[in-house]
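For reference, the chains in residue letters:
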Amino acid sequence: MNAKTLERLAADADAMTVLATLKRLESPSDRAGMARFGITVDKALGVSVLTLRQLGRPLKGRQDLALALWDSEVHEARILATIVADPGAMQSELADRWAEEIDSWDLCDQFCNNLIARTDFAWDKVFLWCRDERTFKRRAGFSLMAALAVHDKQAPPERFQSCLLEIAAAAGDERNYVKKAVNWALRQIGKRNAALHGPALALARDLTQSQLKGARWVGRDAARELDSDKVREKLGLSLSG
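What you see is a predicted model, and the numbers here were worked out from it, not measured in a lab.

A. Broad picture of the overall build of the protein chain. Looking only at helices and strands, the protein chain features 15 helices and zero strands. Relative to the 2.2 N^0.38 estimate, which gives 18 Å for 241 residues, the radius of gyration of the protein chain is 19 Å and therefore close to what a compact globule would have. With the C-alpha coordinates aligned to their principal axes, the bounding extent of the protein chain is approximately 55 × 35 × 35 Å. Restricting the contact set of the protein chain to residue pairs at least 6 apart, pairs at least 24 apart contribute 69%. Accessible area of the protein chain: about 11700 Å², with a carbon and sulfur share of 51%. Charge-centre separation for the protein chain: the mean point of 36 positive side chains lies 5 Å from the mean point of 33 negative side chains.

Next up, the structure:
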């Protein structure tokens, strides 16, 4: 994405202009690659997230534009909407509506990391969405949990203890898009600090003994990382073995 294109876009950025720019960047080969990674491509163009971040940088805070881009239903336009949107202008009800319209894991994770983790109602959505039975709504709950474990430096440890209970309850969900998010959340909580490492690793080890296949996978994968020398050294803990 050249500087001149970005300048022109920033100066004259309505939804039609942005969508036309995305269309010009369409790549059938990249769209095919997205499909191989399990991304829903029915309304996708094949534009990379890196390019979308470049496009979105001069447009940040444009809530009006974000709303129009999301309503276009174009996959990349929706990811761009999560980059452009103003977290302070997001309403709880709108966040729920967008979450219910998500149909792909990459959009789900961008939605949570770029936007919802920065709202003042993020923690409410964690505990609401991770109990939802719909695949991407539940994934959103755990994806958001993982994002907050990294970025919310002020959150009290009690919140993450509650998160571990939610992880234990959902770990047996066999759906691939759910169990990977559950695993991600468990690993991020365990790497947050030394105090949370022990409880997270203990839960991971417990899950390896579960009768549920999905829970065993979540536990084994999380325990492998959390018990690694790399993680222990980073947190100032004694090395394993």
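Let us keep going from here.
B. Inspection of helix α12 (residues 176-190) at higher detail. The first and last C-alpha atoms of α12 sit 21 Å apart over 15 residues, in line with the 21 Å expected at 1.5 Å per residue. For α12, the buried fraction is high: 11 of the 15 residues fall into the buried class. On its buried face, α12 is in contact with α10 (135-151), α11 (157-170), α13 (194-207) and α14 (213-226).

C. Molecular detail of a positive patch on the surface. A surface patch of like charges, here positive, comprises Arg53, Arg57, Lys60 and Arg118. With respect to the helices and strands, the residue lysine 60 is situated in the loop between α4 (49-56) and α5 (63-71). Lysine 60 gets classed as exposed once you look at its relative accessible area, which sits at 52%.

D. The arrangement of the nonpolar core in detail. Of all hydrophobic cores here, the largest spans 73 residues; its most connected members are Ile116, Phe142, Leu144, Ile167, Leu186 and Ile189. Among the elements that take part in this core, α10 stands out by supplying nine residues, more than any other. In contact with isoleucine 116, not counting residues within four places along its chain, are Met90, Ala95, Phe111, Phe121, Ala122, Trp129 and Leu144.

E. The arrangement of the layout of surface pockets in detail. Within this model, the largest pocket holds a volume of roughly 170 Å³. Lining the largest pocket, in full, are Ala149, Val150, Lys153, Gln188, Lys191, Arg192, Lys234 and Leu235. Class assignment for the residues of the lining of the largest pocket results in three nonpolar, one polar and four charged.

F. Highlighting the packing of α11 against α12. For the pair α11 and α12, the least separation of the axes is 10 Å and the interaxial angle reads 150°. With respect to α12, the axis of α11 lies roughly antiparallel. As α11 packs across α12, the resulting crossing turns out to be left-handed. Contacts between α11 and α12 involve Phe160, Cys163, Leu164, Ile167 and Ala170 from the first element and Val182, Ala185, Leu186 and Ile189 from the second. Among the residues making up the contact of α11 with α12, the classes are represented as nine nonpolar, no polar and no charged.

G. The arrangement of the side chain of aspartate 152 in detail. Within the secondary structure, aspartate 152 sits in the loop between α10 and α11. Of the side chains with opposite charge, arginine 159 comes closest to the buried, unpaired aspartate 152, at an N-O distance of 4.4 Å. Among residues more than four places away in sequence, those in contact with aspartate 152 are Trp123, Ala147, Arg159 and Arg192.

H. Structural context of the side chain of threonine 119. Within the secondary structure, threonine 119 sits in the loop between α8 (105-115) and α9 (122-129). What makes threonine 119 buried here is its relative accessible area of 9%. Reaching out from threonine 119, the side chain makes a polar contact with the backbone oxygen of isoleucine 116 at a distance of 2.8 Å. When neighbours within four sequence positions are excluded, threonine 119 is seen to be in contact with Pro87 and Met90.

I. A look at the packing of aromatic side chains. All told, the structure shown has six aromatic pairs when counted by the stated rule. Considering the side-chain rings of tryptophan 70 and phenylalanine 111, the 6.2 Å spacing of their centres and the 45° angle between planes classify their relative orientation as tilted. Here tryptophan 70 is found in helix α5, whereas its partner phenylalanine 111 is found in helix α8, with 41 residues between them in sequence. When its relative accessible area of 0% is taken as the criterion, phenylalanine 111 is described as buried. Aromatic rings pair up to connect Trp70, Trp98, Phe111 and Trp129 into one cluster. Sitting over the face of the ring of tryptophan 217, lysine 179 holds its NZ or CZ atom 5.2 Å from the ring centroid.

Reading guide: rules and limits
- Residues numbered from 1 in each chain as written.
- Predicted model: local features only at pLDDT ≥ 70, side-chain atom pairs only at ≥ 80, totals over all residues.
- Heavy atoms only, no water.
- Helix = DSSP H or I, 4+ residues; strand = E, 2+ residues; numbered from the N terminus.
- Rg over C-alpha atoms; globule rule 2.2 N^0.38 Å.
- Contact = heavy atoms within 4.5 Å.
- Areas by Shrake-Rupley, 256 points an atom, 1.4 Å probe, with all protein chains shown as cover.
- Lys, Arg positive; Asp, Glu negative; His and termini not counted.
- Charge placed at Lys NZ, Arg CZ, Asp CG, Glu CD.
- Expected span 1.5 Å × (residues − 1).
- Buried < 20%, exposed > 50% of the residue type's maximum accessible area, 1.4 Å probe, protein only.
- Patch = residues over 30% accessible without salt bridge, like charges linked within 9 Å, V, L, I, M, F, W, Y side chains within 5 Å.
- Salt bridge = Lys/Arg side-chain N within 4 Å of Asp/Glu carboxyl O.
- Core = buried A, V, L, I, M, F, W, Y, C linked by side-chain atoms within 4.5 Å.
- 1 Å grid on protein atoms, 1.4 Å probe; cavity = no way out; pocket = protein on both sides within 12 Å on 5 of 7 lines; lining within 4 Å.
- Points joined across faces, edges and corners; volume = space filled by probe spheres on them.
- Nonpolar A, V, L, I, M, F, W, Y, C, P; charged D, E, K, R; others polar.
- Axes fitted to C-alpha atoms, helices over the stretch in contact; angles between N-to-C directions.
- Parallel < 35°, antiparallel > 145°, perpendicular 65-115°, else oblique.
- Left-handed = near helix turned anticlockwise from the far one by under 90°.
- Polar contact = N/O pair within 3.5 Å; in protein donor to acceptor, adjacent residues only side chain to side chain.
- Phe/Tyr/Trp six-rings, centres within 6.5 Å; stacked < 30°, edge-to-face > 60°.
- Lys NZ or Arg CZ within 6 Å of the ring centre and 35° of its normal.

Nothing here speaks to function; it is all geometry.
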